[in-house]
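Residues per chain are reported as follows:
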Amino acid sequence: MTHRVTAYVLTWILSSSFVSPPTQGLEPIPDKLVVLTFDDSAKSHYTTVRPILKRYGFGATFFVTEGFDFPTNKTDYMTWQEIAELHRDGFEIGNHTRDHISTTKENVAGLEEQVEAINKQCIAHGIPRTISFGYPANVTTPEALPILKKLGIRFARRGGSPEYKYPDGRGFAYEPGFDHPLLVPSAGDARPDWTLDDFIAAVKQARQGRIAVLQFHGVPDTAHAWVNTSVQQFDAYMNYLAKNGYTAIAMRDLAKYVDADLTPSNPQNIIDDREQSLLKHSSRENFRRPQSDDELHFWLTNMLADHRFTEFEVSAATGLSTDEIAEAVERLRLPKRVATKQADPLNALKILPYPGGRHPRIGFLDGAIRPLRETKFSAFLPWNLSQYVVVDVPEAIWIKQGEGRELLYLAHTDVPTMWSRQGIALEPLEWIRENGSLRIERKLPNQVSFGAEIVPTREAIRMELWLTNGTRETLRGLVVQNCVMLKAATEFNSLNNDNKIFRDPFVACRNAAGDRWIITAWQNCVRAWGNAPCPCLHSDPQFPDCAPGETQRLHGWLSFYEGKDIEAELSRIDNLAWRKSTN
């Protein structure tokens, strides 16, 4: 397929009903998006880097400092007039502190004064206050984050450490939602011994929602030979970006794609995950490539037509390139659209396996690193089939172990389970699709099996969980987390619990008008709650103790109600036989 045809097909995808507008007005993160950054006010930023970037039409951020001998050495360092001209050229001027002071815990008390000194110089030379920050010497401390935020810094770049050792110049691409926007990692920190292959390895990480942030010093760096990049090297790197269709932007331009106010609950989680992957030599990818044309047809229709994914989200879910996606759309003659409203109210509610590729949470993304899709299904709102909730059933199963408890199963990878602690990886599974219903069963290494069945009716979605004990010991404390995630149901996805009511075993969420509700419940509920940053609904049940050879079952409910008398509706549901088997 030629590039022209590929571009046409992708344009057709984007202009059809396949793709919904990005949430919160942000643009979807394209593949091949890189951020170019330059540290230390090197003279060559003006004399060499500037004309090369202008020739290629690339954006960039120059992190300026008055450290070293900047005030007196105008052979190795720029003047403020030259820095101002970079700004007038359209490049971003970022903050690298006045004295190039490492941002350690001991130095953080002076950080505000250091940052503001550069801001004052910027304002004096017609440059806006800085909103991007580069950590001097790539040294970070958690205590710096609230200070930088107070000063109006939106994005702050660190190095490739601690995941990689500093001398390597290697790093990981930025993963919005997982990486704190004030701890953006460098995918590569150019060194004198770098080859084009080193550069390519860094920028090739810019795919599937990841952004490659690149760090340079002087080109050449006449004051700091250990971070020098030759003119020939740099021109070859920029030529590679241009020839291979990369988009090069400044740090400030991340705001087009990234919500800087969306911060992880624990910035260390993603760093730990990367370090573990390096230690275990394991992949961090989370896509599943369709194995046949029938599977390709199902999943592309599921993603593009039903879930309205962008082609970049489809790529993240399948591992296919955007060219391969466009070719498959054309070859398989995929449908352009699906109904946006349930045509016949007597039909069963619409459910589908959730395909992955788009994280089902709004906030608290680091609470589910690499979510597994085999326990997740989408339940579409009957009054608007372009919206849906994602149900994780089960999200987690806890088991009593001695005086504590252990994770028997978890549908993502950020918290250790009893299997990951032993170095055992569970094989990926898929929902079995039968007559509109979904079913899955997993046998664990200790011979405990569990499964779920999802049966849609016109009134509600009936859910059943079962667990079979194949061990010689009675299993106790079998608490289950089942999660209903509201991200793609825009009437219901406020980041608070003010729109929710909790009436054990029911959890219900309303729209702003209070005339539409999402309701879920589980038999033997031990905790009814909502996680506001997600946002989601939980009616978490507990299996009865399970003796060797026994099977225990739990039944669940999910429905959509139009009306304002929610108490009457919950009472009505409570009197139904939903706690019985789905069969």
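Note that this is a predicted model, so its numbers are computed, not measured.

Details of the overall build of the protein
Scanning the protein from terminus to terminus reveals 12 helices and 23 strands. Computed over C-alpha atoms, the radius of gyration of the protein comes to 27 Å, within 12% of the 25 Å expected from 2.2 N^0.38 for 583 residues, which places it in the range of a compact globule. In terms of its C-alpha atoms, the protein occupies a principal-axis envelope of roughly 85 × 60 × 45 Å. Going through the 583 residues of the protein one by one, you find that 57% of them count as buried. Taking as baseline every contact in the protein between residues at least 6 positions apart, the subset at least 24 positions apart corresponds to 71%. Mean positive and mean negative side-chain charge positions of the protein (65 and 72 charges, respectively) differ by 3 Å.

Quick look at the side chain of Ser-378
Inspection of the secondary structure assignment puts Ser-378 in strand β10 (residues 376-381). At a separation of 2.7 Å, a polar atom in the side chain of Ser-378 contacts the side chain of His-307. Residues contacting Ser-378, with those up to four places away along its chain left out, are His-307, Lys-350, Ile-351, Leu-352, Tyr-354, Tyr-388, Val-389 and Val-390.

Focus: the nonpolar core
Among the nonpolar cores identified, the biggest contains 46 residues, and Phe-377, Val-389, Ile-461, Ile-518, Leu-558 and Phe-560 are the most heavily contacted of them. Top contributing element to this core by residue count: strand β11 (residues 384-401), with 5 residues. Discounting chain neighbours no more than four positions away, the residues touching Leu-558 are Ala-379, Val-389, Val-391, Ala-460, Ile-461, Met-463, Val-484, Ile-518, Ile-519 and Thr-520. Formed by 42 residues, the second largest nonpolar core is a distinct cluster that contains Leu-36, Phe-58, Phe-62 and Ile-200.

Observations concerning the state of the cysteines
Counted by the stated rule, this structure contains 0 disulfides. No disulfide involves Cys-525; its sulfur sits 13 Å from the nearest other cysteine sulfur, which is in Cys-483. Of all cysteine sulfurs, the one in Cys-536 lies closest to Cys-534, which takes part in no disulfide; the gap is 3.8 Å.

Description of the sheet that holds strand β13 (residues 432-434)
The strand order across the open sheet formed by 8 strands is β13-β14-β15-β16-β23-β20-β19-β18, and the pairing between neighbours is antiparallel. Edge positions in the sheet fall to β13 and β18 (500-503), since each has one partner strand and no second. For this sheet the average axis-to-axis angle between neighbouring strands, irrespective of direction, equals 15 degrees. Pairing of strand β20 (residues 516-522) with strand β23 (residues 551-562), which is carried by 7 bridges, proceeds in the antiparallel orientation. In the sheet register, Thr-520 faces β23, and the bridge partner there is Leu-558.

A few points about helix α4 (residues 111-124)
The first and last C-alpha atoms of α4 sit 20 Å apart over 14 residues, in line with the 20 Å expected at 1.5 Å per residue. Of all the positions in α4, only Leu-111, Gln-114, Val-115, Ala-117, Ile-118, Asn-119 and Cys-122 are classed as buried. Where the residues of α4 are buried, they touch β2 (61-64), α3 (80-88), β3 (92-95), β4 (132-134) and α5 (144-150). Note on α4: the residue one or two positions beyond its end, Gly-126, has a positive phi of about 75 degrees.

Remarks on the packing of helix α2 (residues 43-56) against helix α7 (residues 231-243)
In the contact formed by α2 and α7, the axes pass within 11 Å of each other and the chain directions differ by 20 degrees. With respect to their mutual orientation, α2 and α7 come out roughly parallel. In this structure, the crossing between α2 and α7 has a hand that is right-handed. Each of Thr-48, Val-49, Ile-52, Leu-53, Arg-55 and Tyr-56 in α2 lies in contact with α7, whose residues at this interface are Val-231, Phe-234, Asp-235, Met-238, Asn-239 and Ala-242. Looking at the contact of α2 with α7 residue by residue, the class counts come to 8 nonpolar, 2 polar and 2 charged.

Thoughts on unusual backbone geometry
Among all residues save glycine, negative phi is the norm, and among peptide bonds the norm is trans. The omega torsion across Val-393 and Pro-394 is -5 degrees, close enough to zero to call that bond cis. Turning to its location among the elements, Pro-394 is positioned in strand β11. Look at the link from Cys-534 to Pro-535: it is a cis peptide, with omega at -20 degrees. Mapped onto the elements of the fold, Pro-535 is located in the loop between β21 (525-531) and β22 (536-541). Residues other than glycine seldom take positive phi values, yet Phe-68 does so here, at roughly 55 degrees. Mapping Phe-68 onto the fold places it in the loop between β2 and α3. If you check the backbone angles, Arg-308 has positive phi at about 55 degrees while not being a glycine.

Section: the environment of Asn-244
As for its position among the elements, Asn-244 is in the loop between α7 and β8 (247-249). For Asn-244, a relative accessible area of 30% corresponds to the partly exposed category. When the C-alpha positions of Asn-244 and Val-213 are compared, they lie 17 Å apart, and in sequence the two are 31 residues distant.

Focus on the pattern of salt bridges
Scanning the entire structure with this criterion turns up 45 salt bridges. The residue Lys-350 makes a salt bridge to Asp-306 at a minimum N-O spacing of 2.6 Å. Of the two residues, Lys-350 is situated in the loop between α11 (322-331) and β9 (351-353) and Asp-306 in helix α9 (residues 293-306); the sequence distance between them amounts to 44 residues. For Asp-306, a relative accessible area of 8% translates into the label buried. Arg-373 is the partner of Glu-430 in a salt bridge, and the nearest nitrogen-oxygen pair spans 2.7 Å. Note that Glu-430 is positioned in the loop between β12 (404-410) and β13 and Arg-373 in the loop between β9 and β10, a separation of 57 residues in sequence. Members of the salt-bridge network, linked through shared partners, are Arg-158, Glu-163, Glu-175, Asp-179, Arg-207, Arg-210, Asp-273, Arg-274, Arg-284, Glu-285 and Arg-370.

Looking at the environment of Leu-478
Mapping Leu-478 onto the fold places it in the loop between β16 (461-468) and β17 (479-485). Sequence separation of Leu-478 and Ile-123 is 355 residues, and the distance between their C-alpha atoms is 61 Å. Leave out the neighbours within four places in its chain, and Leu-478 touches Trp-398, Ile-399, Leu-467, Pro-541, Gln-542, Phe-543, Pro-544 and Cys-546.

Re the packing of aromatic side chains
In the structure shown here, the tally under the stated rule is 24 aromatic pairs. A ring pair is formed by Phe-216 and Phe-234, whose centres lie 5.3 Å apart and whose planes are at 90 degrees; its orientation type is edge-to-face. Here Phe-216 is found in strand β7 (residues 212-216), whereas its partner Phe-234 is found in helix α7, with 18 residues between them in sequence. Between Phe-506 and Trp-578 the ring centres are 6.2 Å apart and the planes differ by 55 degrees, which places this aromatic pair in the tilted class. Taken together, the positions of Phe-506 in strand β19 (residues 506-510) and Trp-578 in the segment after α12 (566-574) put the pair 72 residues apart, joining distant regions of the chain. Neither residue differs from the other here; Phe-506 and Trp-578 are each classed as buried. Within the aromatic cluster, the residues linked to one another by ring pairs are Phe-38, Phe-62, Phe-91, Trp-194, Phe-199, Phe-216, Phe-234, Tyr-237, Tyr-240 and Tyr-246. When the ring centre of Trp-398 is taken as reference, the NZ or CZ atom of Arg-405 above it lies at 3.8 Å. Its end group placed over the ring of Phe-298, Arg-433 keeps NZ or CZ at 3.6 Å from the ring centre.

What counts, and at which threshold
- Throughout, a residue's number is its position along its own chain's written sequence, starting from 1.
- Reporting in this predicted model follows two pLDDT cut-offs: at least 70 for local features of residues, and 80 or more for side-chain atom pairs to be given and counted; totals over whole chains, interfaces and linings ignore these cut-offs and use all residues.
- Side-chain numbers here rest on the full set of heavy atoms in the structure, without hydrogens or water.
- Strands are runs of DSSP state E lasting at least two residues, helices are runs of H or I lasting at least four, and both sets are numbered from the N terminus onward.
- Throughout, radius of gyration means the C-alpha value; the globule benchmark is 2.2 Å times the number of residues raised to the power 0.38.
- Buried means the residue's accessible area, taken with a 1.4 Å probe over protein chains only, is under 20% of the maximum for its type, while exposed means over 50%, and partly exposed covers the values in between.
- We call two residues contacting when some pair of their heavy atoms lies within 4.5 Å.
- Here the positive residues are Lys and Arg and the negative ones are Asp and Glu; neither His nor the chain ends is included.
- Every charge is mapped to an atom, namely NZ of Lys, CZ of Arg, CG of Asp or CD of Glu.
- Under the rule applied, a polar contact is a pair of N or O atoms within 3.5 Å (in protein, one hydrogen donor and one hydrogen acceptor; residues adjacent in sequence only if both atoms are side-chain atoms).
- Think of a nonpolar core as a cluster: buried Ala, Val, Leu, Ile, Met, Phe, Trp, Tyr and Cys residues, connected wherever their side-chain atoms sit within 4.5 Å.
- By definition, disulfides here are pairs of cysteine sulfur atoms that lie within 2.5 Å.
- Here, strands pair whenever DSSP counts at least two bridges between them.
- The convention used is that axes are lines fitted to C-alpha atoms, helices contributing only their stretch in contact, and that angles between N-to-C directions extend from 0 to 180 degrees.
- The span one expects for a helix is its residue count, reduced by one, times 1.5 Å.
- Angle categories: roughly parallel below 35 degrees, roughly antiparallel above 145, roughly perpendicular from 65 to 115, and oblique for all the rest.
- By convention the crossing between two helices is left-handed if the near helix lies anticlockwise of the far one by an angle smaller than a right angle, and right-handed if it lies clockwise.
- Gly is placed with the polar residues, together with every amino acid not listed as nonpolar (Ala, Val, Leu, Ile, Met, Phe, Trp, Tyr, Cys and Pro) or charged (Asp, Glu, Lys and Arg).
- By convention in these notes, a salt bridge is any Lys or Arg side-chain nitrogen within 4 Å of a carboxyl oxygen on Asp or Glu.
- Any pair of Phe, Tyr and Trp rings, taking the six-membered ring for Trp, is counted once the centres come within 6.5 Å. Such a pair is stacked with planes under 30 degrees apart, edge-to-face with planes over 60 apart, and tilted for the rest.
- Charge-over-ring placement is defined geometrically: NZ (Lys) or CZ (Arg) within 6 Å of the ring centre, and within 35 degrees of the ring normal.

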